[in-house]
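Letter by letter, the chains look like this.
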Amino acid sequence: MFGSGAMTNSINDFDDADLFLVTGSNTTEQHPLIGSRIINAKQRGAQLLIIDPREIPLAKFADLHLRHNIGTDVAVLNGMMNVIIEEGLYDKDFVETRTEGFEQLKEVVSKYPPKVVEKISGVPAADIKKAARMYAKANKAMIAYAMGITQHTTGVDNVKSCANLAMLTGHMGRAAVGVNPLRGQNNVQGACDMGGLPNVYSAYQPVINADAKKKFEEAWKVEGLDDKVGLTITDMMSAAQKGELKALYVMGENPMMSDPDTTHIDQALSNLDFLVVQDIFLTETAQKADVVLPAASFAEKDGTYSNTERRVQLAQKAISPPGEARPDWQIICEISKLCGYPMDYKSPADVLKEINSLTPSYAGITYERLLTNHGLQWPCPNEEHPGTAFLHKDKFTKGLGTFMPCEFKPPAEMPDEEYNFMLTTGRIYYQFHTGTMTRRVSILEREAPEALVEINPDDAKKLGIRNNDQVELTSRRGSIKMKAEITQRVPQNVVFSTFHFNEACVNILTNPAFDPVAKIPEYKGCAVKIRRCA
């Protein structure tokens with residue numbers, strides 16, 4: 001039901017909600033415009049419930065902050081649903097008329113009374129009850145989550161549990177409610193919508209579906225399109241290391257910094273027969289490439305972006321690309337022509353025409369319409385359609401919404417006697433992703449020039465570590481050194497760092513274990529040990 005990972009609602013809805021449940025999202029640092037809307041809504045009386053192990057900046061505005069143990073999200077959400085069902089706070093009409101599978105949900109969450117969840121998650125039972133009542137009793141409650149929910153070996157279960165909670169309480173299918181994943185980069189949504197996944201064509205049309213296969217074969221005037229699901233990034237790297245994958249074409253991605261267990265990634269890329277990287281700067285990954293294709297940046301090309309609220313927006317070229325750099329679409333067309341398949345698009349507008357004809361949810365999002373407005377939200381099935389502000393208005397896409405109850409499973413790697421801390425990773429306000437762009441900006445480098453590891457004061461005292469001491473972090477996969485920041489932001493036995501800095505690449509440490517369904521690695525939890533450097 002939420003396979004596309006899209007927000008069910010709109011960013012403007014953050015102005016009208018009565019309650020926000022923010023989990024796994026450092027909103028003010030990573031989605032600051034949405035974070036500021038939440039703070040403004042708080043000032044007019046909305047409630048804020050945060051579920052996050054760290055004391056993120058938004059936490060100081062929270063009515064209630066549940067600081068759960070890393071990787072116990074399913075248990076906490078099940079505990080809240082247990083209370084909601086036990087106390088009769090669920091939306092009986094919505095459950096009866098719009099959903100199926102309620103009895104199965106009831107059976108599973110009955111095993112998670114607040115006292116049991118307290119033992120698993122470390123969250124006091126009284127706070128779980130309070131959170132459940134706050135969320136269930138709100139008229140308009142929005143769930144907002146980000147990669148703190150998805151980047152776990154149980155990421156899919158975490159998302160399903162958020163959807164279960166929203167449906168149970170009827171916070172779905174109307175304005176200012178819903179389940180709202182906040183995307184990690186500006187066009188992740190668009191890449192997924194266009195079939196940048198191994199199992200679908202555009203608009204999530206399955207590659208294994210014979211009708212979809214035939215439709216695209218006819219449009220592209222080819223035969224024999226592959227009807228098997230391809231490899232995810234995680235699978236590709238394993239296949240490359242084994243010698244099963246011979247060549248890789250990387251566009252706008254920097255796996256040498258962004259993928260878990262960097263040593264393994266280095267070995268995998270080195271084992272390829274041929275590596276092509278298409279990017280705007282010579283990234284850590286591009287330095288390993290046999291061929292580098294210089295691409296145009298966002299300001300140097302025309303095209304569209306699909307943002308976190310499903311809004312397709314037109315971006316128009318402001319300056320010319322430097323040197324031999326070209327827009328991605330032109331590079332791809334040229335390579336395709338050299339490979340024997342001519343692509344005769346004259347402009348991004350031509351590409352969008354094809355998208356309109358093959359992608360039902362984008363059918364009405366034409367170039368001409370985008371020239372005269374601030375974007376359109378899919379689904380937009382025809383040119384008269386105004387776009388869709390929120391999904392699932394009268395019914396779910398598949399008819400009834402199915403409850404998908406999940407049992408709690410711990411993270412793949414837990415602390416033990418030797419590796420006695422849990423490392424979780426994320427981002428900071430002044431840097432973005434692998435630093436390819438932001439680390440070239442002097443003002444941002446001035447504000448955040450190096451990697452730091454956050455350590456709780458009690459832990460630091462036991463280890464004899466002071467603020468700004470150089471420390472070594474070691475996991476089962478490798479070691480890195482960086483300065484310590486002693487802070488209450490992290491609970492005891494947990495440390496936090498970022499992946500922006502190649503001088504201390506935190507993904508050398510992270511665990512490549514991944515969710516079995518979505519194949520997203522567990523960036524948010526792995527076991528490490530810490531020592532102060534002499």
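Structure's up top.
Definitions and cut-offs
Residues numbered from 1 in each chain as written. Predicted model: local features only at pLDDT ≥ 70, side-chain atom pairs only at ≥ 80, totals over all residues. Heavy atoms only, no water. Buried < 20%, exposed > 50% of the residue type's maximum accessible area, 1.4 Å probe, protein only. Helix = DSSP H or I, 4+ residues; strand = E, 2+ residues; numbered from the N terminus. Arc of directions from axis to C-beta. Contact = heavy atoms within 4.5 Å. Core = buried A, V, L, I, M, F, W, Y, C linked by side-chain atoms within 4.5 Å. Expected span 1.5 Å × (residues − 1). Pairing = 2+ DSSP bridges. Axes fitted to C-alpha atoms, helices over the stretch in contact; angles between N-to-C directions. Phe/Tyr/Trp six-rings, centres within 6.5 Å; stacked < 30°, edge-to-face > 60°. Lys NZ or Arg CZ within 6 Å of the ring centre and 35° of its normal.

On to helix 11 (residues 210-220). Within the sequence span of helix 11, burial applies to Ala212, Lys213, Phe216 and Glu217. End-on view of helix 11: buried residues confined to an arc of 130°, all on one side of the axis. Opposite the buried face of helix 11, at more than 90 degrees from it, the exposed residues are Ala210, Asp211 and Glu218. Residues of helix 11 that are buried make contact with helix 16 (348-358). Phi turns positive, to about 55°, at Lys221, one or two residues after helix 11.

So, about unusual backbone geometry. Between Trp378 and Pro379 the backbone carries a cis peptide bond, its omega angle lying at 0°. Following the sequence through the fold, Pro379 ends up in the loop between strand 12 (376-377) and strand 13 (401-402). One non-glycine residue, Asn493, lies in positive phi territory at about 70°. Residue Asn493 is classed as partly exposed on the basis of its relative accessible area, which comes to 42%.

A few words on the nonpolar core. Among the nonpolar cores identified, the biggest contains 45 residues, and Met80, Tyr135, Leu165 and Leu168 are the most heavily contacted of them. By residue number, the principal contributor to this core is helix 3 (residues 73-86), which donates 8 residues. Setting aside anything within four residues of it in sequence, one finds Tyr135 in contact with Leu19, Leu21, Met80, Ala141, Ile143, Leu165, Ala166, Thr169 and His171. By size, the runner-up hydrophobic cluster in this structure holds 21 residues, among which are Phe421, Val453, Ile455 and Ala484.

Its 12 residues give helix 2 (residues 32-43) an end-to-end C-alpha distance of 16 Å, which sits within 8% of 16 Å, the value for a rise of 1.5 Å per residue. All of the buried residues along helix 2 are Ile34, Gly35, Ile38, Ile39, Ala41 and Lys42. Down the axis, helix 2 shows its buried residues gathered within 160° of arc, on one side only. Residues Leu33 and Gln43 are exposed on helix 2 and point more than 90 degrees away from its buried face. Packing partners of the buried residues in helix 2 comprise strand 1 (19-23), helix 1 (27-30) and strand 2 (47-51).

Strand direction decides the pairing type here: strand 10 (residues 303-306) and strand 11 (residues 311-315), joined by 4 bridges, are antiparallel. Bridge pairing in strand 11 places Thr304 opposite Leu314. Pairing of strand 11 with strand 12 involves 2 bridges; the strand directions are antiparallel. Within strand 12, the residue paired with Arg311 across the bridge is Gln377.

Moving on: the sheet that holds strand 14 (residues 421-426). Strand order around the closed barrel formed by 6 strands is 14-18-15-17-16-21, with mixed pairing between neighbours. Here the average twist between neighbouring strands, direction ignored, is 45°. The pairing of strand 16 (residues 470-475) with strand 21 (residues 526-532) spans 4 bridges and is classified as antiparallel. When the sheet's bridge partners are listed, Leu473 is paired in strand 21 with Ile530.

Tallying each qualifying case throughout the model produces 8 aromatic pairs. Seen from their ring centres, Tyr429 and Tyr430 are 5.2 Å apart, and the 80° between their planes marks the pair as edge-to-face. Take Tyr429: its relative accessible area is 47%, and that puts it in the partly exposed class. Following the ring pairs from residue to residue traces out a cluster consisting of Tyr90, Phe102 and Phe403. One residue, Arg98, lies across the ring of Phe396, its end atom 4.9 Å from the ring centre. The ring of Phe281 is capped by Arg440, whose NZ or CZ atom sits 4.1 Å from the centre of that ring.

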